[in-house]
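Structural characterization, general
Listed below are the residues making up each chain.
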Amino acid sequence: MSERTTTAERRLLRGARLPDGTAADVLVADGVIAGLGTGLSAADATVIDAEGLLLMPGLVDLHTHLREPGFEQSETVLSGTRAAAAGGYTTVFAMANTSPVADTAGVVEQVLRLGETAGYATVQPIGAVTVGLEGRQLAELGAMAASRARVRVFSDDGRCVSDPLLMRRALEYVKAFGGVIAQHSQDPRLTEDAQMNEGALSGELGLAGWPAVAEESIIARDALLAEHVGSRLHVCHLSTAGSVDVVRWAKARGIAVTAEVTPHHLLLDEELVVGYDARYKVNPPLRRREDVLALREALADGTIDIVATDHAPHAAEAKDCEWAAAAFGMVGLESALSVVHAAVVEQGLLDWTDVARVMSVAPARIGGVAAPELREGAPADLTLYDPAASRVFDTGELAGKSRNSPYLGMTLPGRIVATFHAGCPTVLDGEVLAEEEVAARTAARGEGR
Ligand SMILES: [Zn+2]
Ligand SMILES: [Zn+2]
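As the structure is a computational prediction, the values presented were derived from the model and not from experiment.

Comments concerning the sheet that holds strand β9 (residues 153-154)
Sheet architecture is open: 5 strands sit in the order β9-β10-β13-β14-β15, paired in parallel fashion. Edge positions in the sheet fall to β9 and β15 (306-307), since each of these pairs with one other strand and no more.

Rendered as structure tokens:
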């Protein structure tokens, strides 16, 4: 595709429904929302009939595992951002548990560059809190913050920063540049060899239990540390009703804590483990139905700030094995909006304005990047969704490299019709565009920071 054609591309989304329910035409040109209103002229523009379709600000995922460098058999930056685009995401925060670990300016800049070349979504690297995720010594947080990747979120996710002194130092350190520590809250001693939620069911199934207190105690400790040093804490993947209580208490006390929940913890519960199908093996584990309901309520009342996927791709051999040997994790980018739709919108707990907040605006704000906006002049990071659609979710919808989705075979509501990243389409008519096409448009746009 020539540069001339690319820059001339104008698209008019006609009659889209905005999250607040109003209808509007949206003109996408030169990478931005060039017009937003009713009765916009379609001159020189390709018209997309968006009647009945919901137009959302591009989704932002604060918690994605892209696996590159080091685990390219499971996912790459390219394949993971393709999965993101398929799910309506325009920005993903890439977790640091790669190989080498993203604990230096060099590695985070490498991940940033890979994202810029691929073009499917903005990749914002997360830096490790400790060197090699080993929990012994702080990584070069300042150097990563000052690098071209401009890291603001730091996490040893996959592991908990369990040493309270290191956690305190990390919280203190990131204050200088407005950073945040995203904690995988899990006491390692209380969860040694744990395989599923601890309770009556784990006893029946003969699997080592994962007590809720292992999560809740770390959240309480970290909230108090954040208060003590006057810093910001972000709690990854809340999974229990008790965790909700702790975060609610911390917020009421005025502590700067934010929290996320995954789509799978909003929809699925521990009963799925009964068949020992490793697709349902995840960290933190699927919990009781009453936990699921408490998480939904907490998302609705603002105790939980955002939905983040914890997209965790694994090659087939890591999942197609007995439960105890299987890897923890699920892919989630492609299904996230539909799962949130099923878990909380259809239940009447959140409306689409709320969904735009918890899946786009708030994650961007917590992560320290510009939030996508539906206004004239804003970068055109957009997601067009058909809320009236419904389909059986199958492997054909998985645009990343791995197939470990817990939703295969399930009927899910809605469908992503189109995704625009900085004005360039990455999904059109429900189909993810080819790598060459997306990369060429991105190169023509001359993106780069
Ligand atoms: Zn985690
Ligand atoms: Zn994770």
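Having seen it, we continue.
Re the environment of Val292
Position of Val292 among the secondary structure elements: in helix α10 (residues 289-301). Look at Val292 and you get buried, because its relative accessible area is 2%. Note: C-alpha distance between Val292 and Leu266 (26 residues apart in sequence) is 5.4 Å.

Comments concerning the coordination of the zinc ion (ligand 1)
Coordination of the zinc ion (ligand 1) by the protein involves Asp157 (OD), His184 (ND1) and His237 (NE2), with metal-donor separations of 2.0 to 2.1 Å. All donors of the zinc ion (ligand 1) belong to a single chain; written as a sequence motif, their spacing is D-x26-H-x52-H. The two metals, the zinc ion (ligand 1) and the zinc ion (ligand 2), are separated by 3.5 Å and share Asp157 as a common coordinating residue. Placement of the pair is Asp157 in the loop between β9 and α5 (164-174) and His184 in the loop between β10 (180-183) and β11 (196-197), with a sequence separation of 27 residues. Classification of Asp157 as buried rests on a relative accessible area of 4%.

Focus: the layout of surface pockets
If you add up the space inside the second largest pocket, you get close to 380 Å³. Along the walls of the second largest pocket sit 23 residues, with Arg67, Asn97, Gly158, His314 and Phe328 positioned nearest its centre. Counted by class, the lining of the second largest pocket contains 9 nonpolar, 10 polar and 4 charged residues.

Quick notes on the sheet that holds strand β7 (residues 89-94)
Taken in spatial order, the 3 strands line up as β6-β7-β8 in an open sheet, and their pairing is parallel. Strands at the two margins of the open sheet, each flanked by one partner only, are β6 (59-64) and β8 (122-125). For this sheet, the mean inter-axis angle between neighbouring strands, taken without regard to orientation, is 20°. The sheet contact formed by β7 and β8 spans 4 bridges and is parallel. Opposite Thr91, over in β8, you have Thr122 as the bridge partner. On the sheet, helix α3 (residues 105-118) packs against β7 and β8 and is oriented at approximately 175° with respect to β8.

Here we look at α10
Between the first and last C-alpha of α10 there are 19 Å, a value that for 13 residues agrees with the 18 Å anticipated at 1.5 Å per step. With its phi angle positive at about 90°, Gly302 sits one or two positions after the end of α10.

Details of the packing of aromatic side chains
Tallied over the full model, the rule gives 5 aromatic pairs. Ring geometry for Phe393 and Tyr407: centres 6.5 Å apart, planes at 90°, overall edge-to-face. Separated by 14 residues along the polypeptide, Phe393 in the loop between β17 (390-392) and β18 (411-413) and Tyr407 in the loop between β17 and β18 bring together distant segments of the chain. Judged by relative accessible area, Phe393 falls into the buried class, the value being 1%. For Tyr407, a relative accessible area of 2% gives the class buried. Residue placement shows Lys281 over the ring face of Phe328; its charged tip is 4.6 Å from the ring centre.

Quick look at the coordination of the zinc ion (ligand 2)
Each protein donor to the zinc ion (ligand 2) is listed here as His63 (NE2), His65 (NE2), Asp157 (OD) and Asp310 (OD); together their distances run 2.0 to 2.2 Å. Coordination at the zinc ion (ligand 2) is irregular: its 4 donor atoms span angles of 85 to 174° at the metal. In the primary structure, the donors to the zinc ion (ligand 2) are separated according to the pattern H-x1-H-x91-D-x152-D. Among the residues examined, His65 registers a relative accessible area of 4% and is labelled buried.

Remarks on the pattern of salt bridges
Taken as a whole, this structure holds 22 salt bridges when the rule is applied. For the salt bridge of Glu227 with Arg253, the shortest nitrogen-to-oxygen distance reads 3.0 Å. In this pair, Glu227 sits in helix α7 (residues 212-229) while Arg253 sits in the loop between α8 (241-252) and β14 (257-261), placing the two residues 26 residues apart along the sequence. Overall, the relative accessible area of 33% leaves Glu227 in the partly exposed class. Of the charged contacts, one joins Glu290 and Arg288 as a salt bridge, the two residues approaching to 3.5 Å between their closest N and O atoms. Residue class for Glu290 comes out partly exposed when judged on its relative accessible area of 46%. Classification of Arg288 by relative accessible area gives partly exposed; the value is 35%. Overlapping salt bridges, with partners in common, bring together Glu9, Arg11, Glu437 and Arg441 in one network.

Comments concerning the packing of helix α12 (residues 336-345) against helix α13 (residues 352-367)
Where α12 contacts α13, the axes come no closer than 12 Å and their chain directions differ by 130°. When the axis of α12 is compared with that of α13, the two are oblique. For the pair α12 and α13, the sense of crossing is right-handed. For the pair α12 and α13, contact is made by Ala336, Leu337, Val340, His341 and Val345 and by Trp352, Val355 and Met359, respectively. When its residues are assigned to classes, the contact of α12 with α13 shows 7 nonpolar, 1 polar and no charged.

The rules we used
Residues numbered from 1 in each chain as written. Chains lettered and ligands numbered in written order. Predicted model: local features only at pLDDT ≥ 70, side-chain atom pairs only at ≥ 80, totals over all residues. Heavy atoms only, no water. Pairing = 2+ DSSP bridges. Helix = DSSP H or I, 4+ residues; strand = E, 2+ residues; numbered from the N terminus. Buried < 20%, exposed > 50% of the residue type's maximum accessible area, 1.4 Å probe, protein only. Donors = N, O, S within 2.8 Å, 3.2 Å for Na, K, Ca; no water. 1 Å grid on protein atoms, 1.4 Å probe; cavity = no way out; pocket = protein on both sides within 12 Å on 5 of 7 lines; lining within 4 Å. Points joined across faces, edges and corners; volume = space filled by probe spheres on them. Nonpolar A, V, L, I, M, F, W, Y, C, P; charged D, E, K, R; others polar. Axes fitted to C-alpha atoms, helices over the stretch in contact; angles between N-to-C directions. Contact = heavy atoms within 4.5 Å. Expected span 1.5 Å × (residues − 1). Phe/Tyr/Trp six-rings, centres within 6.5 Å; stacked < 30°, edge-to-face > 60°. Lys NZ or Arg CZ within 6 Å of the ring centre and 35° of its normal. Tetrahedral: all angles 85-135°; square planar, octahedral: opposite > 155°, others 65-115°. Salt bridge = Lys/Arg side-chain N within 4 Å of Asp/Glu carboxyl O. Parallel < 35°, antiparallel > 145°, perpendicular 65-115°, else oblique. Left-handed = near helix turned anticlockwise from the far one by under 90°.

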